[in-house]
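Coordinates in review
Chain by chain, the residues run as shown.
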Amino acid sequence: MPGYGLVEEPWLTVRPVGGGSPVTVGIAEALTGAHELEGLVVEFSTQLPAVLRQVLLPVVADASGVPRTPREKGARLARGRFAEAELDSLRTYLGTHRAAFDLFDPVAPFGQVAGLRTAKGETKGSATLVATAASGNNVPLFASRSDADPLDLTPAQAAHWLLHAHCWDTAAIKTGAVGDPLVKAGKTTGNPTGPLGQLGVVIPTGRTLYETLLLNLPVTQPEALGVPQWKRGPHGPAWELREAEGLLDLWTWQARRIRLVPHQDEAGRLRVARVVIGAGDRLTQTPGLEPHTAWTYAAPGQKSSSAPHERRPRRHTQGKAAWRGLDALLASTRQSTGGSFETSALLDEVGALQEIGKLPADYPLRVETFGVVYGTQSSVVEDVVHDTIPLPLLALHRDSEAHQLLLDVAEQAEQLAQAVNNLSADLRRAAGTDPIPWDKGQRPGEVLLHTLDPLVRRLLAGVRAAGTDDDVLERGRLAWEHLAYRHAWDTANGLLLAASGTTFAGRTVILADKSGKPQTYKLGTAGAAFRRRLDGILPRPAMDHPGVWPLCTVEADDVLARHDEVSDGQKADPSTRALYDLHQRGRSEPMHRRGVRLGEALLALRRSGEVSEEALDTRVAQLAGATSVSALLVHLRGLVTQLRTAGQPLDHDHLTADIQAWHHTDRRPRVRLTWALDYQVWKGRTPAGD
């Protein structure tokens with residue numbers, strides 16, 4: 001049987017930079033020409049991280065080394081291509097290990113065990129490898145073929161699905177292989193899923209395949225690399241439970257023992273229709289050096305509050321767009337031990353590269369997320385999670401305005417969805433039925449989030465283009481708020497107009513909580529409650545609605561009104577209401593306290609130990625140097641958010657006057673002086689109320 005060498009055979013489909021039809025190449029051509037290729041094209045989305053981790057990244061890391069410092073990584077990225085010395089290393093490496101990449105080598109086939117067999121010599125159809133094909137209990141909905149139909153895979157397809165199985169295979173029972181001492185009754189049970197199946201995989205992507213490879217090589221010391229599976233020697237049927245011995249061992253983890261059974265069709269072409277799949281090595285735990293996942297700090301099982309939190313990989317949620325997980329993607333490792341989330345090491349390094357000037361702020365970084373949803377004790381694949389979003393580099397810095405803007409937008413979107421779901425629940429109770437369960441059926445909040453999805457993606461791209469331009473960021477925020485407000489109202493109106501006639505009179509029900517109090521649900525009260533929730537989430541667009549104009553605290557100027565204009569006070573009033581709502585959000589104690597001017601509140605925040613004094617000084621200086629009202633509001637939102645987190649109150653009436661004065665360039669110096677005296681010089685009492 002002829003061999004199939006992955007180094008030279010065309011099995012990787014790639015897109016050339018600048019357009020053009022995809023072409024197929026081998027490993028050597030893909031790597032040496034990586035700067036001329038936009039990226040990989042795969043048949044099934046989750047094959048991409050499998051190819052990167054099992055082949056391309058380990059070859060690059062083992063042949064030319066990984067960056068040992070952020071500056072070295074930045075220099076290699078800036079070069080835009082492999083240096084001649086690196087190309088020589090790659091060619092030499094692939095030449096030396098060419099035989100190890102032969103898919104059908106009789107002694108050590110790539111990623112397989114030669115001669116792997118069951119006690120009865122049975123094989124299974126190649127569909128067992130393919131996550132999208134019908135095989136045993138894994139029968140996709142509306143599958144066009146059955147388990148009995150032959151599935152002839154080309155060697156290129158077989159290579160992709162081989163790698164995919166090592167990364168994502170289900171935890172179904174495996175047929176016992178001869179030579180495996182842990183086989184019981186001809187089977188191996190207790191198999192975990194492939195290692196990537198236990199992660200929420202995060203892949204940073206650049207403009208070319210070369211940049212993507214560099215972005216996915218973590219800063220690592222050589223002694224932490226270990227060796228890839230093709231250097232560990234031929235594997236046998238036996239497997240073990242062990243820790244990963246370095247990054248390359250982790251990336252090329254052999255989670256299954258597999259043998260592809262090739263044959264030649266009538267035309268003499270190599271095909272794979274039968275396979276043997278047995279149990280493979282098991283990780284004792286996901287190692288902390290895993291770079292392709294975000295992390296969650298989960299409370300341990302003990303009741304002791306002093307027990308350390310457990311660091312676990314954060315998995316993606318089915319049906320949830322990647323931007324809805326920005327709270328984890330943007331959570332810096334510098335705040336990991338005290339927070340709930342930690343971003344991936346790779347994204348943290350990207351932020352560091354921008355901070356030291358090795359990547360421009362407008363670099364077109366994209367983040368791809370991958371995950372698999374398993375069902376029935378992880379024995380079948382139910383769904384695949386895949387999404388791609390643009391991610392502004394400035395948002396990776398916790399003290400940047402872009403960071404706070406994106407977190408606010410993601411939080412507001414979730415709150416709007418919850419408000420719509422609450423409206424639906426109230427209307428259903430008013431009609432005498434139960435609310436839609438959270439885990440069954442499609443709730444209207446999900447429909448709203450689907451509507452908001454293109455708006456958020458457009459905003460992400462706009463924030464990246466805006467860079468540090470505070471005026472542009474503020475205009476983007478305001479545009480988002482108005483559009484989100486409108487879409488939320490459109491969704492709510494659909495529910496309100498579709499409500500049955502019986503909801504007008506409504507129903508009285510006994511609350512399921514401990515109070516046991518009766519609660520009456522009606523069409524009118526449901527609509528009013530939604531209006532209050534919506535106006536609390538997005539107060540600035542709410543001020544444009546005629547129904548809330550009487551709530552404005554600043555009187556209208558009749559002369560200006562006759563010319564379709566408003567006073568500075570009216571302009572400032574919605575802004576300060578929005579800031580107050582932001583300040584009060586999630587706090588039970590009042591955040592408005594008379595007599596606590598902005599500078600005093602910020603000084604108290606600086607003394608609280610809740611923030612970095614140097615970072616706060618920088619933000620306050622940026623606030624005082626704002627050259628427009630929109631820029632002022634951008635900085636105020638970030639500072640008010642920090643005040644809220646620390647529980648520090650503020651006099652919002654006084655803040656309204658400051659914003660109103662900022663509309664006049666000749667009045668700004670006095671406001672700036674007041675802030676300076678309160679923040680930089682003031683030595684008096686701790687701010688208190690009246």
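The following paragraphs examine the structure supplied in this document. These numbers come from a predicted model, not from an experiment. (Residues numbered from 1 in each chain as written. Predicted model: local features only at pLDDT ≥ 70, side-chain atom pairs only at ≥ 80, totals over all residues. Heavy atoms only, no water.)

When the terminal C-alpha atoms of helix α18 (residues 613-624) are compared, their 16 Å separation across 12 residues agrees well with the 16 Å that a helix rising 1.5 Å per residue should span. The complete set of buried residues in α18 reads Ala615, Leu616, Arg619, Val620, Leu623 and Ala624. (Helix = DSSP H or I, 4+ residues; strand = E, 2+ residues; numbered from the N terminus. Expected span 1.5 Å × (residues − 1). Buried < 20%, exposed > 50% of the residue type's maximum accessible area, 1.4 Å probe, protein only.)

The next point concerns the environment of Leu57. As for its position among the elements, Leu57 is in helix α2 (residues 47-64). Considered as a pair, Leu57 and Trp251 are 194 residues apart in the sequence and their alpha carbons are 8.3 Å apart. Contacts of Leu57, omitting those with residues within four sequence positions, involve Leu52, Leu213, Asn216, Leu217, Trp251 and His292. (Contact = heavy atoms within 4.5 Å.)

What follows deals with unusual backbone geometry. For Thr376, which is not glycine, the phi dihedral falls at a positive 50°. Structurally, the position occupied by Thr376 is in the loop between β15 (366-375) and β16 (380-390). Notably, Gln377 is not glycine yet its phi reads approximately 55°, a positive angle. Relative to the helices and strands, Gln377 is located in the loop between β15 and β16. With a relative accessible area of 79%, Gln377 lands in the exposed category.

Glancing now at the packing of aromatic side chains. Tallied over the entire structure, the rule returns seven aromatic pairs. Ring centres 5.7 Å apart and planes at 40° place the aromatic pair Phe44 and Trp161 in the tilted group. You can see Phe44 sitting in the loop between β3 (37-41) and α2 and its partner Trp161 sitting in helix α5 (residues 155-168), a full 117 residues away along the chain. Of the residues examined, Trp161 reaches a relative accessible area of 1% and is grouped as buried. Where Phe110 meets Trp230, the ring centres are 6.2 Å apart and the plane angle is 35°; that geometry is what we call tilted. Within this pair, whereas Phe110 is found in the loop between α4 (84-96) and β4 (124-125), its partner Trp230 is found in the loop between α6 (209-215) and β8 (241-242), the two being separated by 120 residues in sequence. According to the relative accessible area criterion, Trp230 is buried, its value standing at 10%. Every member of this aromatic cluster is reached through a ring pair, and the members are Phe101, Phe110 and Trp230. (Phe/Tyr/Trp six-rings, centres within 6.5 Å; stacked < 30°, edge-to-face > 60°.)

The subject of this paragraph is the nonpolar core. Within the largest apolar cluster, 129 residues are counted, with the highest numbers of intra-cluster contacts made by Trp11, Ile27, Leu56, Leu213 and Leu326. A total of 12 residues in this core trace back to one element, the largest contributor, which is helix α10 (residues 401-430). When residues no more than four places from it in sequence are discounted, the contact partners of Ile27 are Leu6, Val7, Trp11, Leu12, Val55, Leu56, Leu94 and Phe101. (Core = buried A, V, L, I, M, F, W, Y, C linked by side-chain atoms within 4.5 Å.)

Further remarks concern the pattern of salt bridges. Under the defined criterion, the tally for this structure stands at 37 salt bridges. A salt bridge links Lys231 to Asp62; the shortest N-O distance between them is 2.9 Å. Here Lys231 is found in the loop between α6 and β8, whereas its partner Asp62 is found in helix α2, with 169 residues between them in sequence. Of the residues examined, Lys231 reaches a relative accessible area of 39% and is grouped as partly exposed. Judged by its relative accessible area of 19%, Asp62 is buried. Taking the shortest distance from any N to any O, the salt bridge between Glu72 and Arg68 comes out at 3.9 Å. (Salt bridge = Lys/Arg side-chain N within 4 Å of Asp/Glu carboxyl O.)

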